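Report on the structure
One-letter residues, chain by chain:
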Amino acid sequence: MTGDRERDVVVIGGSAGSHAALQALVAGLPADLAATVLVTVHLAPEGGSTIAAMLDRIGGLPAVPAVDGERARPAHIHTAVPDRHLLITADDTLRLGRGPRQNLVRPAVDATFRTAARWCGPRVIGVVLSGSLDDGASGLASIVEHGGVALVQRPDDAKFAGMPSAALKVVPEATALPADDLGRAITALVGRDGPRPPTELRDSLLWETDMLAYGHSANDRPGEPVALGCPECGGGMYRFRTGFADHYVCHVGHSFSPQALLSARSENVEAALWTAISALQEQATVLRQMARYAGDRGDDDERRRHEKEAQSARHAGEVLRRHLTGGS
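Here is a short report on the structure shown in this document. (Residues numbered from 1 in each chain as written. Predicted model: local features only at pLDDT ≥ 70, side-chain atom pairs only at ≥ 80, totals over all residues. Heavy atoms only, no water.)

This next bit is on the layout of surface pockets. Taken as a whole, the largest pocket encloses approximately 160 Å³ of empty space. Taken together, Asp134, Ala137, Ser138, Ala166, Lys169, Val170, Phe244, Ala245, Asp246, Ser257, Pro258 and Gln259 make up the full set of residues lining the largest pocket. Sorting the residues of the lining of the largest pocket by element identifies α4 (137-145), α5 (162-170), β12 (245-250) and α8 (258-296) as the ones contributing at least two each. (1 Å grid on protein atoms, 1.4 Å probe; cavity = no way out; pocket = protein on both sides within 12 Å on 5 of 7 lines; lining within 4 Å. Points joined across faces, edges and corners; volume = space filled by probe spheres on them. Helix = DSSP H or I, 4+ residues; strand = E, 2+ residues; numbered from the N terminus.)

Rendered as structure tokens:
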């Protein structure tokens, strides 16, 4: 790679609707680009990915799935693979990590961005493309905090504006461009000197990237404890703040942006409500059986009591079902 401050590492993240934007971006990159390009698009854990093959057909840069332990190569595109975080670590070594999921996905955009921020600092050009929710926003903030530069697909150009809009809220100095112009913007930035990186890295960034790259960290209190439980494992969580961006991380490393945390919690609540509906239906069934048995014995008082209890349980279940399904 080049000097310790020359911009020569491009990290690109996207999710829903990002394939077209990614193709437009790569089409604008020259074959002799003096930078390595890392691409993380959220992928299903099962099966393979065709992203590298798709990008390899478009422009002059060879595109290949990333290989664990390989050195990042200039004028090459390395793409994330299913169920592995794409990380860039010391000496520009690529790692395919199976560490905790971030925002319920692996590979995660923020995982790539944060390791680039730590180990590459001012050499990094971070790019956020189309996607839902706010994935990538705090990772992009980390890149900028450590001397990198930020580009964002213009929200009105994105199929899904969630990720670009969130990135611009927490990194207002980012340059927003249509996807067709991002390749040229990257090319103009490559080779330029970035600012000097901070002399000390945040404890939270060190802890989180240690957990991603190595699975452990010497720091056992990485951030501000908050009264929240992890949606994945139930463990206690910490609040990390980078610039204007917040995210939440549990003690084993599961990480959530605010919108991803709310989405995960909504899923947890829905699952709990369906469980409650099932339990109420079962309760009503048993109570009706008990009412029949009481009637067979001639005990009308007990029969009426069980019938009333069964009706109450059935009604409560119907109320919950209407709430979940939007029925009247």
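The next subject is empty space enclosed by the protein. Taken as a whole and judged by the stated rule, the model has 1 cavity of 30 Å³ or more. Put simply, the largest cavity is a space of about 50 Å³. Those elements that provide at least two residues to the lining of the largest cavity are α4, α7 (203-213) and β11 (236-242). Ranked by residues supplied to the lining of the largest cavity, first place goes to α7 with 3 residues. For the lining of the largest cavity, the per-class residue count stands at 2 nonpolar, 5 polar and 4 charged. (Nonpolar A, V, L, I, M, F, W, Y, C, P; charged D, E, K, R; others polar.)

Before going further, it helps to spend a moment on the nonpolar core. Among the nonpolar cores identified, the biggest contains 31 residues, and Ile12, Leu22, Leu25, Val37, Leu55, Val127 and Ile186 are the most heavily contacted of them. For this core, the secondary-structure elements that each account for two or more residues are β1 (9-14), α1 (18-27), β2 (36-41), α2 (51-56), β7 (124-128) and α6 (179-189). Filtering out sequence-adjacent residues up to four positions away, Ile12 remains in contact with Leu22, Leu25, Val37, Leu38, Val39, Thr40, Phe113, Val127 and Leu129. The next biggest cluster of nonpolar side chains, apart from the first, holds 30 residues, and it includes Leu38, Ile88, Ala116 and Val124. (Core = buried A, V, L, I, M, F, W, Y, C linked by side-chain atoms within 4.5 Å. Buried < 20%, exposed > 50% of the residue type's maximum accessible area, 1.4 Å probe, protein only. Contact = heavy atoms within 4.5 Å.)

Here we take up the sheet that holds strand β13 (residues 255-256). Read from one edge of the open sheet, 4 strands run β10-β11-β12-β13, paired in antiparallel fashion. Looking along the sheet, the strands with just one partner apiece sit at the ends: β10 (224-229) and β13. Bridging between β12 and β13 involves 2 bridges; their strand directions are antiparallel. Its bridge partner being in β13, Tyr248 is matched across the sheet by Phe256. This element, α7, spans β11, β12 and β13 of the sheet and lies at about 45° to β12. (Pairing = 2+ DSSP bridges. Axes fitted to C-alpha atoms, helices over the stretch in contact; angles between N-to-C directions.)

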